[in-house]
Amino acid sequence: MPHCLQPSLRKPAVILCLLLSSTSLSPTWGQAMIPLETVKLWADTFGGNLYDTVTKYSGSLLLQKKYKDVEPNLRIQEVDGLELVKKFSEDMETMLRRKVEAVKNVVEAAEEADLDHEFNESLVFDYYNSVLINERDARGEYVELGAEFVLEPNAHFSNLRVNTSLSSVQLPTNVYNKDPDILNGVYMSEALNPVFVENFQRDPTLTWQYFGSSTGFFRIYPGIKWTPDENGVITFDCRNRGWYIQAATSPKDVVIVVDTSGSMKGLRMAIAKHTISTILDTLGENDFVNIIAYNDYIHYIEPCFKGILVQADRDNREHFKQLVSELVVKGVGVVDQALREAFQILKRFQEARQGSLCNQAIMLLTDGAVEDYEPVFEKYNQLDRKVRVFTYLIGREVTFADRMKWIACNNKGYYTQISTLADAQENVMEYLHVLSRPMVINHDHDIIWTEAYMDSKLFASQAQSLVLLTTVAMPVFSRKNETLGVHGYAFLNTNNGYILSHPDLRPLYREGKKLKPKPNYNSVDLSEVEWEDRAEILRTAMINGETGSLSMDVKIPLDKGKRVLFLTNDYFFTDISDTPFSLGVVLSQGHGEHILLGNTSVEEGLHDLLHPDLTLASDWIYCITDIDPDHRKLSQREAMVRFLTGEDPDLECDEELVREVLFDGVVTAPMEAYWTALALNASEESERVADMAFLGTRAGLLRSSLFVGSEKVSNKKFLTPEDKASVFTMDHFPLWYRQAAEQPAGSFVFNLRTPEGPEGPGEPGVVTVSTAVAVTVDEKTAIAAAVGIQMRLDFLQRTFWAATQQCSAGDGPCPKSCQDGDLDCFIVDNNGFILISERPQEMGRFLGEVDGALLTQLLSMGVFSQVTMYDYQAMCKPPSHHHSAARPLVSPISALLTATRWLVNELLL
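Residues numbered from 1 in each chain as written. Predicted model: local features only at pLDDT ≥ 70, side-chain atom pairs only at ≥ 80, totals over all residues. Heavy atoms only, no water.

Caption draft 1: Seen up close, the sheet that holds strand β31 (residues 749–753). Pairing within the open sheet is antiparallel, and its six strands lie in the order β26-β30-β29-β33-β32-β31. Either end of the sheet is taken by a strand with one partner, and the two such strands are β26 (614–616) and β31. Averaged over all neighbouring strand pairs, the angle between strand axes comes to 25 degrees, with direction disregarded. Examined bridge by bridge, β31 and strand β32 (residues 766–777) share five bridges and lie antiparallel to one another. Residue Val 749 lies in a different strand from β32, and its bridge partner there is Ser 770. (Pairing = 2+ DSSP bridges. Helix = DSSP H or I, 4+ residues; strand = E, 2+ residues; numbered from the N terminus. Axes fitted to C-alpha atoms, helices over the stretch in contact; angles between N-to-C directions.)

Caption draft 2: Region of interest: the pairing of strand β9 (residues 252–259). The buried fraction of β9 is high, at eight of eight residues. Every second residue of β9 is oriented toward a common face, with Lys 252, Val 254, Ile 256 and Val 258 on one face and Asp 253, Val 255, Val 257 and Asp 259 on the other, all of them buried. Examined bridge by bridge, β9 and strand β13 (residues 359–366) share seven bridges and lie parallel to one another. Paired with Val 255 across the two strands is Ile 362, which belongs to β13. In the sheet, β9 pairs with strand β10 (residues 288–294) via seven bridges, with the strands oriented parallel. Opposite Val 258, over in β10, you have Ala 293 as the bridge partner. (Buried < 20%, exposed > 50% of the residue type's maximum accessible area, 1.4 Å probe, protein only.)

Caption draft 3: Geometry of the sheet that holds strand β7 (residues 209–212). Reading across from one edge, β6-β8-β7 is the order of the three strands in this open sheet, with antiparallel pairing throughout. With one partner strand each, in any of the chains shown, β6 (168–170) and β7 form the two edges of the open sheet. Strand-to-strand twist of the sheet, defined as the mean angle between neighbouring strand axes without regard to direction, takes the value 25 degrees. With four bridges connecting them, β7 and strand β8 (residues 218–221) associate as antiparallel partners. Counterpart to Gln 209 in the pairing with β8 is Tyr 221.

Caption draft 4: Layout of the side chain of Asp 287. You can see Asp 287 is positioned in the loop between α7 (267–281) and β10. At 2.9 Å, the side chain of Asp 287 and the backbone nitrogen of Gly 284 are in polar contact. If we skip the residues at most four places from it in the chain, Asp 287 touches Ser 250, Pro 251, Lys 252, Thr 282, Val 310, Gln 311 and Ala 312. (Polar contact = N/O pair within 3.5 Å; in protein donor to acceptor, adjacent residues only side chain to side chain. Contact = heavy atoms within 4.5 Å.)

Caption draft 5: Examining unusual backbone geometry more closely. Geometrically, the link from Tyr 221 to Pro 222 is a cis peptide bond, its omega value of 0 degrees lying close to zero. Within the secondary structure, Pro 222 is located in the loop between β8 and α6 (242–248). Even without being a glycine, Arg 353 presents a positive backbone phi close to 60 degrees. Judged by its relative accessible area of 58%, Arg 353 is exposed. Phi is positive for Lys 412, which is not a glycine, with a value near 55 degrees. Position of Lys 412 relative to the elements: it lies in the loop between α11 (401–409) and β15 (415–418). Among the residues examined, Lys 412 registers a relative accessible area of 39% and is labelled partly exposed.

Caption draft 6: Spotlight on the pattern of salt bridges. This structure, assessed with the given rule, holds 29 salt bridges. As a salt-bridge pair, Asp 137 and Arg 139 come within 3.6 Å of each other at their nearest N and O atoms. For Asp 137, a relative accessible area of 27% gives the class partly exposed. Overall, the relative accessible area of 68% leaves Arg 139 in the exposed class. One salt-bridge network, in which partners are shared between bridges, spans Arg 98, Lys 99 and Asp 203. (Salt bridge = Lys/Arg side-chain N within 4 Å of Asp/Glu carboxyl O.)

Caption draft 7: Local environment of the packing of helix α16 (residues 636–645) against helix α17 (residues 655–668). Here α16 crosses α17 at 100 degrees, and the two axes come no closer than 12 Å. By the angle between their axes, α16 is roughly perpendicular relative to α17. Contacts between α16 and α17 involve Met 640, Phe 643 and Leu 644 from the first element and Glu 655, Val 658, Val 661 and Leu 662 from the second. Looking at the contact of α16 with α17, its residues break down into six nonpolar, no polar and one charged. (Parallel < 35°, antiparallel > 145°, perpendicular 65-115°, else oblique. Nonpolar A, V, L, I, M, F, W, Y, C, P; charged D, E, K, R; others polar.)

The following block contains the structure:
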C-alpha cells in the first residue's frame, strides 16, 4: 500500500494521500498495483497544483510581504502573565466592589425605612403589581394594582421593556397581593426606588437590583411586566432562590432523619419525600448534608456516605432526591438510634474541624409515635444545645404534636405540621428564619456570593435565554476584552473549586429544539475542564486563594472534539479580594505570549478602518459603551472612530488594542484590491475554484471578499454570526485561525465543511484552507494574521483526479487511474477525516469508520498516532439506578465519556 505526502517545499501540511489497491488486509494487500514513482508523480502534481491555487486565491504571499515591508518598524512585546492576571483581578475586584456597595446602599435604606414604618393592619395602598400593570378591564379602565406603567425597550437589559425610573412588585400565585403583611412591606419598601435609581446612575454596569421579603413579595428594578406561565400561574418565589436562602442563613451541617416505618405509608410518605426534596432545595454548596432513614433499624439512604457529611452541591442534592423517591415503608419506627447516629456525625465533624464549621441542625420527619428520645438529647445536646432540631409532623394526626413541639422547643429549633403536599414549601422555609435569628441579633451584614445558578434574563423559565449567574443581589459578570492571544483565555472558579466562567464550560444541552441546563451545570470542577492538572496543583492553589504560575502540557480539543492541538500552556492565577473567587489566565508558550506592535497614523488607520470589507470582533470590547446611555447605541467601530477623532472625549477605550487594530487595518488594506482584481478577472472556470477569501488578525480584525455572487456561495453561514466556530467570539479565535497558528508559517490547513441550510445534503461541500502569517523581530516570532479561502470541494476533487491520470516516462502503459474502479483512493487530512473519495458518502467521515482495518494498519506503520481525550461534562443516561450508584458524586469524572481520536504523528503535522 503506497502512501505519500506532499513535497516538503509545497506541502499543505495536512494532506495525506492513500492510494489503495484494496481495503482488505489480505496477504497481497501490501503489493502495489502501480509503481511508487507514479504515486510520487501524482502526489507532486496534486500538491503543486493545490499549493499554487491556494496561494493565488488567498493572497498569502502578498500579505506576508506587506508585513515584511514594515518589519523594521515593528517590535514584539512579551506578555507578563503574572502582571496580567493581577491587573485583571484588580479590575474585577473594583467592579465587584461597586456591586457590593450598591447592595449595602439598598440594605441601609431598607433598614431605615423599616425602622420608620409602623405596621398598619388596615393599610390601603396601591402599588405597581408586575403582573397587573397596564392591564385593563372590559370597560377599558386599569385594573386594581394595574395602573399605567411606562415600559420601553432597553439595550442594557437585553432589549426587554423596562422602566428605569421605578421598580415593580411580583408575588407568587399562592400569596394574596393585598394581605396586610404584604401591603405594609410593599409600602415600606417604596423607599428603595430612589436608591435603585441612584445605584444605577452611579454604576451604569449594574443590571437587576431586587429586594426579597420573607412574606413573599419581590421588588425588582428596573420595573418590568411579569408574564404568568401557560397555566396562568406565577411559580417564582424569591424565598426559594439561592441568593435569598444563602443570605438569610449561614453555612450549615444538616442531617435529615426520616421515619420509614409502616405507619408512614401512602400519602404520609409522599408528603415526607416532598418535604425532604424541599429541604434539599434550600441547601447550597457551602452546606453539608446526609440523610438517615429509620424503622426497625437505621440505614443511610446512600451507603457510600455512611457516617459522614457530604457537600450539598447540585450533584449530591439531585442524587439524594433520587434515592429519597425510592424509599419504601415497613416495620416499626425506633427513633432514638437514628437521633443518636445523627448527633454523632455532627459531633465528629465539629471536632475534626470539617463541614461548614458553623450552624448544625437535625431535621426530623415522622408521623409521630416518638419514644425514648429524651435520653438522647440529654446526652448529646443538654448543655449548650449547639445542634438545633427541627421537627416536621407528617399527616393530619395531632396526637403526638406535643412530643414533637417539646423536641423542637428544647433544642432551639422549630416545630411544624405538614398535612398536605402544598404545605411543604411554606413550612420548610420557617427553619431559615430560625437560623437567621443570630444574624439579626448580632446585626451581621455578611456579603454572600451565591453558587453559580442558571436563570433566564427575566427570572422565568424561558430556556432559550438561560444564562449562568452568580448573585450578590444581582448578576455581576460582563464581557471582558479579548487580548490574550489565539489560544489564551481567562477563567473564574469559586473557593469550592467549581467553575463560574471558562471557555470550555458547557452548562446547557439540547433536547429537541430546547436548551436545558445539565443536571450538574453549576458544579463542574476546575479539574474537569483543566483535566491535565492530574496532581490538582492548579486547583489546590486556586482554592486556597494563592497567587502564582505553573506550566502544563495540554491537549486542546477543536471542532467539536474531532481535532486536537498539543500545546504547552502557562497558567497564571490569583484571588479576587473580598470575594470567594479566584481568577486564572492562560497563555500558550511561544507566539501565544508575544504581541506584535507597530505604528501607524490615526488618519491613515481611520481611512482603512472604514473599508466595507472590514469588520471587528462583535463580542470584544474595544471601547466601553455600556456605561453612558448615549454610548449604548454605538457599534464598536463607531465608538472607535469617535474616540480617535476626539469627537467624544468621554469615551473610554483600550488604547493598545485600538492601536493594534489600526496597524492591522493599514497593513492588510491592499488585500481588498488584490482579491477584487481576482474576482473581476475570474472566468467561468475559475469561479468554480473558491467562493471567498478571508483573513483575521490578533486584534480581532476580519476581512473577507467574495469571488462569486452571494447567491452562489456554497456555505452561506461561513463567517456569519451564526457560524460561531469561524468568527471571533468572546471565548475563542476562529477555528481556521487557531489551527493555522499551530502550523509552520506558509503551511496550509484544510477542513471539510458540509453546507447547512436550504442547500441540503445534496449540494457539494466546501473546504476551508488557512495559513498563518508570522513576523520575526529580534529572534522573537509572533503570529500577525491568518489568511485563507473557502474552496469548493469539487475543484479539489477535479484537481486530484486529473493528477492521477498521469504516469512517468518509461513506465510503459499508464496504470489504471483512481476513477477506473479498481483502486480505492483517499485524500485524508491530518486528523484522519476523508476529504476525497470515489464514494461521496464517505467524504467528511472518519477513516476509521470507513475502514477500521486500514486505520489499524496505518497505526502500526506509525503514520498515525492514537490520542485519547475525555469529556467530563458529557451526559450519560444510565439504563437503571440503584442505591450504590455513588461514583459520580465522589469522583471528578462523574460523567466520563471517552472519545478516541486519531492524529498524524508529529513528523506529519
